[in-house]
Amino acid sequence: MNLAQTDPKIAELIRLEQQRQESTLELIASENHVSTAVLEAAGTVLTNKYAEGYPGARYYGGCGFYDQIENLAIDRAKQLFGCGFANVQPHSGANANLSAFMAMMQPGDRFISLNLASGGHLSHGMKLNTSAIFYKPDHYELDPKTEQIDFNSVRAKAKELKPKMILCGYSAYARTIDFAKFREIADEVGALVMADIAHIAGLVATGTHPSPFPHAHVVTTTTHKTLRGPRGGLILTNDPDLAKAINRSVFPGTQGGPLMHIIAAKAVAFGEALRPEFKTYCTQIIKNAKALAARLQQHGYRLVSGGTDNHLMLIDLRARNESLTGADAEKALEAAGIITNKNGVPNDPRPPKVTSGLRLGAPAVTTRGLKEADMTKVADFLDAALIGKSDPAVLEKIRKEVAEFCKKFPMPH
Ligand SMILES: *Cc1c(COP(=O)(O)O)cnc(C)c1O
């Protein structure tokens, strides 16, 4: 029996969601469209079985093929990131971070990171997250002029607090991360460096962003952003002792049975990322982000830090229209078929549910085949929608134009 017959309600909602994805421009920086091969692996009988433990050392019988699948995922991840160890079991990026924290620190230990409001992730010490409940976070700052990482502040916090770990890698940061500089400071105070490359993993894997190795002691990432795999997490290291601690902290530390259908889909995605076409893709993401950024600046938008080096940008909407909030912009753009997320800008006077900024990224539209000239058109759609934000007829007209435009760029099939 297929889904449409056994559960027509869910089948219909999935169909509508597919249609929504096909007819809109996905500019959320943390999202992407996976290949049909990845989708196929994720939707298999591999969801049926427990495989607690690791290849060759499971707590359930019948895991022979699972061992081979997980070993392939591990080998490909190591090859992709040029490191000696990979744990492919974390269910998500936040889970990977929790396990990495457990491997590097004891409860109550101190770490420093960039806070959520400045571009960090909630799993980097936001007060309601386990990272702040079980550990002691403190934060280094952005330079208020350049809006880039202020290494004087990193060094000052490190010297003052002597943290066990220094965390770099962000969710809303448009500039290249200097991992070597973090390591230099960590070595001065005897701290470990953790790099969370969730957003830039695809760029790192293809050398289009510098690698955190050999500088970081532990690297975590999601697999579903620029890396274009299924939703999930991954932990990497070159240190054999940390490797053992990471395996323990993933299972049994924070998780039970691994999602083996997702691990198979990760292996497929890593295989895709090892091919030369994936480097071409990541190079195009960066070109597309720069083209989008340049056109938005021509329209009078201010970009935090003045531009982008990677796949994303943060718009400070106030320069274009003082009264325009991130929340209003997100809503108007969605009505026009352009999907984005509101995001605070550094020192945003508006609360997190309102904000003065929008975060945009190029990974998903690049997967659909948009090139630089198309990104210029996307910026023009976006500006027209924000100018016409109070007129439903204008937004509806743009939505139709966007849907027509999207037909030229099919989703992976
Ligand atoms: C997206 C993201 C994560 C979390 O990923 P989830 O899979 O949503 O838990 C962690 N760290 C950073 C920097 C991210 O951008």
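Parameters at a glance
- Residues numbered from 1 in each chain as written.
- Predicted model: local features only at pLDDT ≥ 70, side-chain atom pairs only at ≥ 80, totals over all residues.
- Heavy atoms only, no water.
- Helix = DSSP H or I, 4+ residues; strand = E, 2+ residues; numbered from the N terminus.
- Rg over C-alpha atoms; globule rule 2.2 N^0.38 Å.
- Buried < 20%, exposed > 50% of the residue type's maximum accessible area, 1.4 Å probe, protein only.
- Contact = heavy atoms within 4.5 Å.
- Areas by Shrake-Rupley, 256 points an atom, 1.4 Å probe, with all protein chains shown as cover.
- Lys, Arg positive; Asp, Glu negative; His and termini not counted.
- Charge placed at Lys NZ, Arg CZ, Asp CG, Glu CD.
- Salt bridge = Lys/Arg side-chain N within 4 Å of Asp/Glu carboxyl O.
- Pairing = 2+ DSSP bridges.
- Axes fitted to C-alpha atoms, helices over the stretch in contact; angles between N-to-C directions.
- Near = heavy atom within 4 Å.
- Polar contact = N/O pair within 3.5 Å; in protein donor to acceptor, adjacent residues only side chain to side chain.
- Nonpolar A, V, L, I, M, F, W, Y, C, P; charged D, E, K, R; others polar.
- Domains from an automatic or database assignment.
- Buried area = accessible area lost by both parts, 1.4 Å probe.

**Student:** Hey, could you go over the overall build of the chain for me, with residue numbers and the actual values?
**Tutor:** A tally of helices and strands in the chain yields 16 helices and 15 strands. Its C-alpha atoms give the chain a radius of gyration of 22 Å, within 12% of the compact-globule value 22 Å for 413 residues. Taking the principal axes of its C-alpha atoms as reference, the chain extends roughly 60 × 60 × 40 Å. Put simply, the chain has 413 residues, and 54% of those count as buried. Long-range pairs, those at least 24 residues apart, make up 71% of the contacts in the chain with a sequence separation of at least 6. Carbon and sulfur atoms form 55% of the exposed surface of the chain, whose accessible area is close to 17700 Å². Seen as two clouds, the 47 positive and the 42 negative side-chain charges of the chain have centres 0 Å apart.

**Student:** Account for the pattern of salt bridges, with residues named and values stated.
**Tutor:** Within the structure shown, the criterion is met by 21 salt bridges. Between Glu396 and Arg399 there is a salt bridge; the shortest N-O distance is 2.7 Å. With Glu396 and Arg399 both in helix α16 (residues 392-406), this residue pair falls three residues apart, about one helical turn. Via salt bridges that share partners, Glu147, Arg302, Asp316 and Arg318 belong to a single interconnected network.

**Student:** Give me the sheet that holds strand β11 (residues 302-303): which residues, what numbers.
**Tutor:** One open sheet accounts for four strands, arranged β11-β12-β15-β14; its pairing is antiparallel. Strands at the two margins of the open sheet, each flanked by one partner only, are β11 and β14 (341-343). Two strands pair when backbone bridges link them, and strand β12 (residues 312-316) and strand β15 (residues 357-361) are joined in this way by five bridges, in the antiparallel orientation. Note on β15: the bridge partner recorded for Leu314 is Arg359. Those strands touched by helix α13 (residues 326-335) are β14 and β15, and its axis lies near 45 degrees from that of β15.

**Student:** With reference to specific residues and values, describe the side chain of Lys266.
**Tutor:** One can find Lys266 in helix α11 (residues 260-273). One buried charged residue, Lys266, remains without a salt bridge, the closest side chain of opposite sign being Glu70 at 8.7 Å. Contacts of Lys266, omitting those with residues within four sequence positions, involve Val88, Gln89, Pro90, Thr223, Pro230, Gly232 and Gly233.

**Student:** For the site of the ligand, give the residues involved together with the corresponding values.
**Tutor:** In the vicinity of the ligand lie 14 residues, with Gly93, Ala94, Ser171, Asp196 and Lys225 positioned nearest. In the environment of the ligand, an oxygen atom lies 2.9 Å from a nitrogen or oxygen atom belonging to the backbone of Gly93. In the environment of the ligand, an oxygen atom lies 2.8 Å from a nitrogen or oxygen atom belonging to the backbone of Ala94. Protein coverage of the free-state accessible area of the ligand, which is 390 Å², stands at 85%. Sorting elements by how many residues they give to the shell around the ligand places helix α5 (residues 93-104) first, with three residues. Residue composition of the shell around the ligand, by class: three nonpolar, nine polar and two charged.

**Student:** Break down the domain arrangement of the chain for me, with residues and values.
**Tutor:** You can read the domains of the chain as domain 1 (39-273) and domain 2 (277-406). The centre of domain 1, based on its C-alpha atoms, is set 28 Å off from the matching centre of domain 2. Counting residues at the interface gives 22 residues for domain 1, matched by 25 residues for domain 2. Summed over both partners, the interface of domain 1 with domain 2 buries about 2000 Å², with 57% contributed by carbon and sulfur atoms. The largest per-residue losses of area from domain 1 upon contact with domain 2 belong to Glu147, Arg175 and Arg228, which jointly make up 29% of the total buried on that side. At the boundary of domain 1 and domain 2, one finds two salt bridges. Between the two partners, domain 1 and domain 2, sit 13 residue pairs in polar contact (both at pLDDT 80 or more). Of the residues in the side of domain 1 that touches domain 2, the class split is nine nonpolar, nine polar and four charged.

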